[in-house]
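Survey of secondary and tertiary structure
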Amino acid sequence: MATKNIFAKHLPNVKLATRFDADGNEIQVEKREDEEQKRKEQDIIDALVGAGYYRAHIQGLSSFDKIVGGMTWCIEACDYDVNVDLLFHENLTIGQKIALTEKIVAVLPRMKCPYLIEPHQIQGLDFINIFPVIQWLVKRSVENRSKKADTLRKLAATQFQNHFTLESDQQLQRMRTIQLGHLQAIEAKYLPKRQFRQRKAAGGGWIPVRPRDATEQERTDEDQSVEDETEEEDIEETEVPLSTGREHNVSIELSEADHSTLTKKYDEIKQKLTPEALEHVAERNQIKTKLAAKLALEKKLELARSECDQLRKTVLEEEEQLQAAIAQKENLEEEIRNLDNLEISEENQKILDNVKELVLKNERMKKQEIQFKENCKKELVELQEKIEKSDASTPEEDVKELQRQLDMEQERLKSLRLQLAKKNRAYVSINRQLDNIPDRTELAQYQRRFLELYNQVSAKHRETKQFYTLYNTLDDTKLYLEKEMSLLNSIYENYSSAMQTPHSREQFVQQFETIVEGIRSTKGKLKKKCDDEKAKRDGLNAQLICLVEQQRKYAATVKQLTMECQRNEALLQHLKALKAAATAGHQG
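Computed from a predicted structure; not experimentally measured.

Before going further, it helps to examine the overall build of the protein chain. Each helix and strand counted, the protein chain has 14 helices and four strands in total. For the protein chain, buried positions account for 15% of its 588 residues. Partitioning the contacts of the protein chain with sequence separation of at least 6, the portion at a separation of at least 24 is 53%. If you sum the accessible surface of the protein chain, you get close to 48000 Å²; carbon and sulfur atoms cover 56% of it.

This is the structure in structure tokens:
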């Protein structure tokens, strides 16, 4: 009875995939079929092809090569360097694949990728966890390439504008120059003008008068006010006799002691004089006073006449200026009407909008300035009130107020200390929880240890597989040997009895021939099965050799194309240099 092979049983939905180890030996690896994984794999390939990585379309490449190549291409498209060489490395071991994926995973945190992925997930082709990372990388690479395209487009436009100018741009520039000239002319004509000037009055002092460019009505009103003020001063001066001190601009202010001394002297002199002498002195004083008043009035009359002549000249000049201003105003109004009738272009409209915006901004700034001044006045009033309160308060009240504020601050300090203690307890609790969570260094150590353990388990699994295969082979050999031994034993036991009679001998020979035919047919079936497997193996090896050769040709072609592109760029640079040298020679 044949023994049952307990190691020949396979799990459902599991296929044996053919792989090769570092020595080139064939390994049977279990590969679980999953519809979700297949769907995600197809989504990943579609996303890479849609982003422009057409190498994922090649049927001969493995899924690992497509995933790693696509991720590397996306990362390099985002201007990040990855030290990865995917060419001429066939049949990588698990350790080499993980080392390759570690370089890719190390770049993702620098790119601020929101998704976490481990190297063994990429090596194990965990498409469900790989898909969001690929999707994010594709989106990021497309955005970066679009930004580069915009930058290059702007650079090309700038270079074009530096060397060439369109006719429309030239017309626009001429229009802007004309418009700016008009604006500057208008600003020069409507400059800010002074409204008042200080002018010396006829009787002394200073009065504000308008300059020569003021209007006729303003000048007339002002002259009228000046004449009224002059008449009032004349009346006052005629009513009050001018003293010698006033004529010579000498100060006549006396102290009380000097005034009393002068009064006493005047009384003594008055007592000594006779009534006739007193009358004579009074007459002389009146004559002197009238003469002084007459001289003052003559001086005022001369000043008034000279000022009147000046005013007449000023009036004539201002009338001429007024006529010129009226003519200029009419010309400007006519120009403004002509400008209003003209069609406003987009550039003029933009300039006008900009001017309106600046005017509105100026108005806002004025309002803000007024509001700021009001706030400053309010703050000044408040500070003055505080100063008055502080001056009115006594030291005892100040001490009580300070003591009250100190008590309030101490209570506030106690409450803040309690809150700080609560925060410290919460911080210590959270810090302990964080200490229980391993950091990235510890996780990296765990990862390395897990990878070493995974490699050891993989090697042990491969060795166990070989032992299982050897056991199955030896078990089959033992089965066939047992069958052969039982057949030989039955022949040996039945040979003597079968040779006794001719009938039994013929029957024995017939059974023996039947057994031999059965053995031959079984041998033929096994040999045919072995030949089929060998032919299948040879076909797969030939296909693998063809694909490897195609891959090498592809790499060589890409390398040659790169060299040709570099050579083309060098030739273009050389051609530009020759053109520049020729242009400089012609100009020289």
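Judged by nonpolar contacts, the single largest core of 33 residues is most densely connected at Ile44, Leu48, Met71, Ile75 and Leu137. Looking at this core, the elements that each hand over two or more residues are helix 1 (35-51), helix 2 (63-77), helix 3 (94-107) and helix 5 (127-163). Looking at which element gives the most residues to this core, the answer is helix 5, with eight residues. Apart from residues lying up to four places away in sequence, Ile75 is in contact with Tyr80, Val82, Ile104, Val107, Leu108, Met111 and Leu137.

Before going further, it helps to spend a moment on the packing of helix 13 (residues 440-498) against helix 14 (residues 502-587). Helix 14 packs onto helix 13 with a crossing angle of 165 degrees between their chain directions and a minimal axis gap of 10 Å. Considering the angle they form, helix 13 stands roughly antiparallel to helix 14. The way helix 13 lies across helix 14 gives a crossing that is left-handed. Listed contacts from helix 14 to Tyr480, Leu487, Ile491, Asn494, Tyr495, Ser497 and Ala498 of helix 13 are Ser504, Arg505, Phe508, Phe512, Ile515, Ile519 and Leu526. When the residues that make up the contact of helix 13 with helix 14 are grouped by side-chain class, the tally is ten nonpolar, three polar and one charged.

All told, the structure shown has three aromatic pairs when counted by the stated rule. A ring pair is formed by Tyr495 and Phe508, whose centres lie 6.1 Å apart and whose planes are at 70 degrees; its orientation type is edge-to-face. With Tyr495 in helix 13 and Phe508 in helix 14, this pair connects stretches of sequence that are 13 residues apart. Taking the centre distance of 6.4 Å and the plane angle of 25 degrees together, the rings of Phe508 and Phe512 count as stacked. Linking Phe508 with Phe512, this pair stays in helix 14, spanning four residues, or about one helical turn. Judged by its relative accessible area of 13%, Phe508 falls in the buried class. With a relative accessible area of 38%, Phe512 lands in the partly exposed category.

Inspection of the entire model under this criterion finds eight salt bridges. The residue Glu167 makes a salt bridge to Arg174 at a minimum N-O spacing of 3.8 Å. Overall, the relative accessible area of 47% leaves Glu167 in the partly exposed class. A salt bridge links Lys478 to Glu482, with the nearest nitrogen and oxygen atoms 3.9 Å apart. In this pair, Lys478 and Glu482 are both assigned in helix 13, four residues apart and thus about one turn of the helix distant. Accessibility expressed as a relative area gives 45% for Lys478, which makes it partly exposed.

A separate point is helix 1. Between its terminal C-alpha atoms helix 1 stretches 24 Å, which fits the 24 Å expected from 17 residues at 1.5 Å a residue. Residues of helix 1 that are buried make contact with helix 2 and helix 5. Phi turns positive, to about 115 degrees, at Gly52, one or two residues after helix 1.

A residue-level look at the protein chain finds 78% of positions with pLDDT of 70 or above and a mean pLDDT of 77. The weakest mean pLDDT in the protein chain belongs to helix 8 (residues 244-247) at 39; the strongest belongs to helix 14 at 89. Confidence over residues 1-24 falls short of pLDDT 50; this stretch has 40 contacts with residues more than four positions distant or in other chains. Note that pLDDT drops below 50 for residues 213-252; the model gives that stretch 37 contacts with residues more than four away or on any other chain.

Our focus in this paragraph is unusual backbone geometry. If you check the backbone angles, Lys112 has positive phi at about 60 degrees while not being a glycine. Note on placement: Lys112 falls in the loop between helix 3 and helix 4 (119-123).

This brings us to a nonpolar patch on the surface. On the surface, Leu443, Tyr446, Phe450, Leu453 and Val457 cluster together to form a nonpolar patch covering roughly 510 Å² of accessible area. Within the element layout of this structure, Tyr446 appears in helix 13. Take Tyr446: its relative accessible area is 42%, and that puts it in the partly exposed class.

A contiguous patch of negative charge on the surface is contributed by Glu379, Glu382, Glu385, Glu388 and Asp391. Tracing the backbone through its elements, the reader meets Glu379 in helix 11 (residues 346-392).

Attention now moves to the packing of helix 1 against helix 5. Relative to each other, helix 1 and helix 5 sit at 10 degrees, their axes nearing to 9 Å. Classed by the angle they form, the pair helix 1 and helix 5 counts as roughly parallel. For the pair helix 1 and helix 5, contact is made by Glu36, Gln37, Lys40, Glu41, Asp43, Ile44, Ala47, Leu48 and Ala51 and by Phe127, Ile128, Ile130, Phe131, Ile134, Val138, Val142 and Arg145, respectively.

Quick notes on the rules
Residues numbered from 1 in each chain as written. Predicted model: local features only at pLDDT ≥ 70, side-chain atom pairs only at ≥ 80, totals over all residues. Heavy atoms only, no water. Helix = DSSP H or I, 4+ residues; strand = E, 2+ residues; numbered from the N terminus. Buried < 20%, exposed > 50% of the residue type's maximum accessible area, 1.4 Å probe, protein only. Contact = heavy atoms within 4.5 Å. Areas by Shrake-Rupley, 256 points an atom, 1.4 Å probe, with all protein chains shown as cover. Core = buried A, V, L, I, M, F, W, Y, C linked by side-chain atoms within 4.5 Å. Axes fitted to C-alpha atoms, helices over the stretch in contact; angles between N-to-C directions. Parallel < 35°, antiparallel > 145°, perpendicular 65-115°, else oblique. Left-handed = near helix turned anticlockwise from the far one by under 90°. Nonpolar A, V, L, I, M, F, W, Y, C, P; charged D, E, K, R; others polar. Phe/Tyr/Trp six-rings, centres within 6.5 Å; stacked < 30°, edge-to-face > 60°. Salt bridge = Lys/Arg side-chain N within 4 Å of Asp/Glu carboxyl O. Expected span 1.5 Å × (residues − 1). pLDDT = per-residue confidence, 0-100. Patch = residues over 30% accessible without salt bridge, like charges linked within 9 Å, V, L, I, M, F, W, Y side chains within 5 Å. Lys, Arg positive; Asp, Glu negative; His and termini not counted. Charge placed at Lys NZ, Arg CZ, Asp CG, Glu CD.

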